[in-house]
2 protein chains.
Amino acid sequence: MAPNKKKQLPSIEEFMPHLAYDSVIFGFNGQQLKILILEYQNTGFFALPGGFVKRNENVDDAVMRGLKERTGLDNIYLEQFHTFGSSSRSAPEIMRTILEANDYDVEDDYWMLDRFVSIAYYALINFNNVEPKPDELSDSISWYPLDQLPPLMMDHQEITEKALEILRDNLDKKLVGMKLLPQKFTMKELQKVYEEILGKKLRRTTFQRKMLSKDILVRHEKLFAGGAHKAPYLYSFKTVQTDQKASSEITHQTIKNTI
Amino acid sequence: MAPNKKKQLPSIEEFMPHLAYDSVIFGFNGQQLKILILEYQNTGFFALPGGFVKRNENVDDAVMRGLKERTGLDNIYLEQFHTFGSSSRSAPEIMRTILEANDYDVEDDYWMLDRFVSIAYYALINFNNVEPKPDELSDSISWYPLDQLPPLMMDHQEITEKALEILRDNLDKKLVGMKLLPQKFTMKELQKVYEEILGKKLRRTTFQRKMLSKDILVRHEKLFAGGAHKAPYLYSFKTVQTDQKASSEITHQTIKNTI
DNA sequence: TATTATTGTAATAAAATGAGACAATAAAAT
DNA sequence: ATTTTATTGTCTCATTTTATTACAATAATA
């Protein structure tokens, strides 16, 4: 790297030290469940999208902001699932390599080289027609199927595995499909979401009966152009207001549906 | 407070700034589910037991350590459940009052007056024969039934409610009864734990059949001295090793059983 | 017009749960 | 010593839920 044109690093005045977040962004394209991995330029390091929390910012908001800055994705469904607090969570060499590869001049006591406690979130999006963009830091970013992840830096593999575990547990409770599918979808597509997350095949008739009996779906017109067979109905999720968080939930959903 | 005999405050050199933990400690005495609340002397402030994380310490260990220091409880079952990261989580006046009530001299820029992100844990213990002791900071500490909590400072009420919600969700999955009961217990006691956590009565025969069919219980000798009626069997939980964490789980359990 | 593959639903079987009945029994009362 | 009492463990039957199979409906293709 040329030792000239050094850039200005983010200042510790702006952020809380020792505190970071990482996000496991699940995307579904109708076929496969994938997650978003970014690669730091000129380093070969693969990582979950993450960032830092400003001194006067809600952690939830920081994650939303950082995700938009780093991935171009806005207003996506986010849920905190675990905080990783091992004292071994520091990687000064790696962080230095990444920063220097981007032409930053890094002092030995620079705050990003310290130990970090990371609050981890998972996000759910339908990634048809969505093209995540790397940010100005020149990272590349792309989708990887869960069984074809590159080797991830630090404990990001462990974070990813925990995210999937929690996602499975929340599958029915949180109506996960709602966030991963377009507004209207077929029963087959919904089943595919479940199968991808659970990692196993489900029985068609049982699944259909179970979903219909839940009183969460609205049936719409049929979807033609499916092939040489009976056309399936399209469904959407009912927008039920179950609790005090309903309005913000609906915001999420509405925005998601317009992606 | 006399302005003499000022004591030395914990230094920011030792701890990570802006990072705290809070713990919701559930205890069961055979009858009622209670949680441990501490009262800061001379202030009237009630709070969950909490503390700070040393710069070179795992967060999990910090919670365990702090709990021992503050409550006298050792090696109890702990599980992280949520991190509270709202930017409004600071209470400089309250913290100053607490510290000054304990004869500390507090500078305006003292780190404990800052905003804190709090990692929340719940703990489960059987509190027969356990007498929590307040620490040297002269707090008093005692058990409160969930429906008779005093007004808690900051967002500690919200933290408590979230803990209970998570505990309910984990009831079957995590074998919560194992941590709250003595090593040997009757079916009625186990049912009582479930009822207290769920906040509703359960049907005796259905509960008994469900528990026995789970293949998690070992039946032991009968417990006499129960009253003018048939004596119930005593049960204990099977110690199954399901995954790689099994050995540490067993440690928890063994230690818990000797409390 | 027949063929094909898939969909929606009904019919039936199996499993899980709810609800009640009842005999067994340990301690207390007589 | 006998009866009474309350609770326990288990069984039965009813109801609900879930699994499995079967099959008619139908949109595109041959």
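A brief structural summary. In this text the structure is predicted, and so the values were computed from the model without any measurement.

1. Some remarks on the overall build of chain A
Link 1 in the chain: Scanning chain A for helices and strands turns up 7 helices and 10 strands.
Link 2 in the chain: In chain A, buried positions account for 50% of the 259 residues.
Link 3 in the chain: For chain A, restricting intrachain contacts to residue pairs at least 6 apart in sequence, the fraction spanning at least 24 positions comes to 73%.
Link 4 in the chain: For chain A, the exposed area adds up to about 13000 Å²; of that, 49% sits on carbon and sulfur atoms.

2. Let's talk about the protein's contact with DNA strand C
Link 1 in the chain: The full set close to DNA strand C counts 24 residues, and Tyr233 of chain A together with Arg209, Ala225, His229 and Lys230 of chain B are the nearest of them.
Link 2 in the chain: Counting only atoms of DNA strand C within 4 Å of the protein, the sugar-phosphate share comes to 53%.
Link 3 in the chain: Residue Gly227 of chain B places a main-chain N or O atom 2.9 Å away from a sugar or linking oxygen belonging to DNA strand C.
Link 4 in the chain: When residues in the surface near DNA strand C are grouped by element, the largest group, 4 residues, is from helix α6 (residues 204–213) of chain A.
Link 5 in the chain: A per-class count over the surface near DNA strand C returns 9 nonpolar, 7 polar and 8 charged.

3. Remarks on helix α2 (residues 92–101) of chain B
Residue and element names in this part refer to chain B.
Link 1 in the chain: For α2, every residue scored as buried is listed here: Ile94, Ile98, Leu99 and Ala101. The buried residues of α2 occupy an angular sector of 165 degrees when projected down its axis, which confines them to one face.
Link 2 in the chain: Those residues of α2 that are buried are in contact with β2 (33–40) and β3 (45–47).
Link 3 in the chain: Just beyond α2, the residue with positive phi is Asp103, at close to 70 degrees.

4. Some remarks on the interface of chain A and chain B
Link 1 in the chain: Residue-level contacts link 23 residues of chain A with 23 residues of chain B.
Link 2 in the chain: Both sides of the chain A and chain B interface together cover about 1600 Å² of buried area, and 49% of this is carbon and sulfur.
Link 3 in the chain: On the chain A side of the contact with chain B, His18, Gln80 and Arg115 of chain A bury the most area, a combined 26% of that side's loss.
Link 4 in the chain: At the surface where chain A touches chain B, the tally comes to 2 salt bridges.
Link 5 in the chain: With a shortest N-O distance of 3.3 Å, Asp169 of chain A and Lys173 of chain B are connected by a salt bridge.
Link 6 in the chain: Where chain A meets chain B, there are 15 residue pairs in polar contact (both at pLDDT 80 or more).
Link 7 in the chain: Residue assignment for the side of chain A that touches chain B shows that the elements contributing at least two residues are β1 (15–28), β4 (50–54), β5 (77–84) and β6 (117–126) of chain A.

5. Section: the sheet that holds strand β9 (residues 217–222) of chain B
All names here are of chain B.
Link 1 in the chain: One open sheet holds the 3 strands; their spatial order is β8-β10-β9, and the pairing between them is antiparallel. A strand with exactly one partner marks an edge of an open sheet, and here the two such strands are β8 (185–186) and β9.
Link 2 in the chain: Both β8 and strand β10 (residues 233–237) contribute to a ladder of 2 bridges, which runs antiparallel. Bridging from a neighbouring strand, Thr186 pairs with Leu234 of β10.

6. Some points on the packing of aromatic side chains
Link 1 in the chain: All told, the structure shown has 23 aromatic pairs over all chains when counted by the stated rule.
Link 2 in the chain: An angle of 85 degrees between the planes, with centres 6.3 Å apart, marks the rings of Phe46 of chain A and Tyr144 of chain A as edge-to-face. Note that Phe46 of chain A is positioned in strand β3 (residues 45–47) and Tyr144 of chain A in strand β7 (residues 140–145), a separation of 98 residues in sequence. Pair check on accessibility: Phe46 of chain A and Tyr144 of chain A agree, each one buried.
Link 3 in the chain: A connected cluster of aromatic rings, assembled from ring pairs, spans Phe15, Phe52, Tyr110, Trp111 and Phe116 of chain A.
Link 4 in the chain: A cation over a ring is seen here: Lys222 of chain A above Tyr233 of chain A, with NZ or CZ 5.2 Å from the ring centre.
Link 5 in the chain: It is Arg219 of chain B that lies over the ring of Tyr233 of chain B; its NZ or CZ is 4.1 Å from the centre.

7. Some thoughts on the relation of the copies chain A and chain B
Link 1 in the chain: You can overlay chain A on chain B at an RMSD of 0.1 Å; the transform is a turn of 180 degrees with a shift of 0.0 Å along its axis. The relationship between the two copies is best expressed as a two-fold rotation axis.
Link 2 in the chain: Comparing interface residues between copies, 100% of those in chain A also sit at the interface in chain B, which points to an isologous, same-surface contact.

8. A few points about the protein's contact with DNA strand D
Link 1 in the chain: The immediate surroundings of DNA strand D are formed by 23 residues, with His229 and Lys230 of chain A together with Ala228, His229 and Tyr233 of chain B found nearest.
Link 2 in the chain: Those atoms of DNA strand D that come within 4 Å of the protein belong to sugar or phosphate at a rate of 52%.
Link 3 in the chain: For DNA strand D, a base nitrogen lies 2.7 Å from a polar atom in the backbone of His229 of chain A.
Link 4 in the chain: Taking Arg219 of chain B, its side chain carries an N or O atom lying 3.2 Å from a phosphate oxygen of DNA strand D.
Link 5 in the chain: Only α6 of chain A together with α6 (204–213) of chain B provide two or more residues apiece to the surface near DNA strand D.
Link 6 in the chain: For the surface near DNA strand D, the element with the highest residue contribution is α6 of chain B, accounting for 4 residues.
Link 7 in the chain: Looking at side-chain class alone, the surface near DNA strand D contains 8 nonpolar, 7 polar and 8 charged residues.

9. Describing the pattern of salt bridges
Link 1 in the chain: Scanning the entire structure with this criterion turns up 29 salt bridges over all chains.
Link 2 in the chain: Across the salt bridge formed by Arg65 of chain A and Glu57 of chain A, the nearest N and O atoms sit 2.6 Å from each other.
Link 3 in the chain: The class of Glu57 of chain A is buried, set by a relative accessible area of 10%.
Link 4 in the chain: Taking the shortest distance from any N to any O, the salt bridge between Asp215 of chain B and Lys238 of chain B comes out at 2.6 Å. With Asp215 of chain B in the loop between α6 and β9 and Lys238 of chain B in the loop between β10 and α7 (246–258), the pair connects residues that are 23 residues apart, well separated along the chain.
Link 5 in the chain: The partly exposed category is assigned to Lys238 of chain B, whose relative accessible area is 32%.
Link 6 in the chain: Each member of the salt-bridge network shares a partner with another, and the members are Asp22, Arg89 and Asp155 of chain A.

What counts, and where the lines are drawn
Residues numbered from 1 in each chain as written. Chains lettered and ligands numbered in written order. Predicted model: local features only at pLDDT ≥ 70, side-chain atom pairs only at ≥ 80, totals over all residues. Heavy atoms only, no water. Helix = DSSP H or I, 4+ residues; strand = E, 2+ residues; numbered from the N terminus. Buried < 20%, exposed > 50% of the residue type's maximum accessible area, 1.4 Å probe, protein only. Contact = heavy atoms within 4.5 Å. Areas by Shrake-Rupley, 256 points an atom, 1.4 Å probe, with all protein chains shown as cover. Near = heavy atom within 4 Å. Polar contact = N/O pair within 3.5 Å; in protein donor to acceptor, adjacent residues only side chain to side chain. Nonpolar A, V, L, I, M, F, W, Y, C, P; charged D, E, K, R; others polar. Arc of directions from axis to C-beta. Buried area = accessible area lost by both parts, 1.4 Å probe. Salt bridge = Lys/Arg side-chain N within 4 Å of Asp/Glu carboxyl O. Pairing = 2+ DSSP bridges. Phe/Tyr/Trp six-rings, centres within 6.5 Å; stacked < 30°, edge-to-face > 60°. Lys NZ or Arg CZ within 6 Å of the ring centre and 35° of its normal. Least-squares fit on C-alpha atoms with pLDDT ≥ 70 in both.

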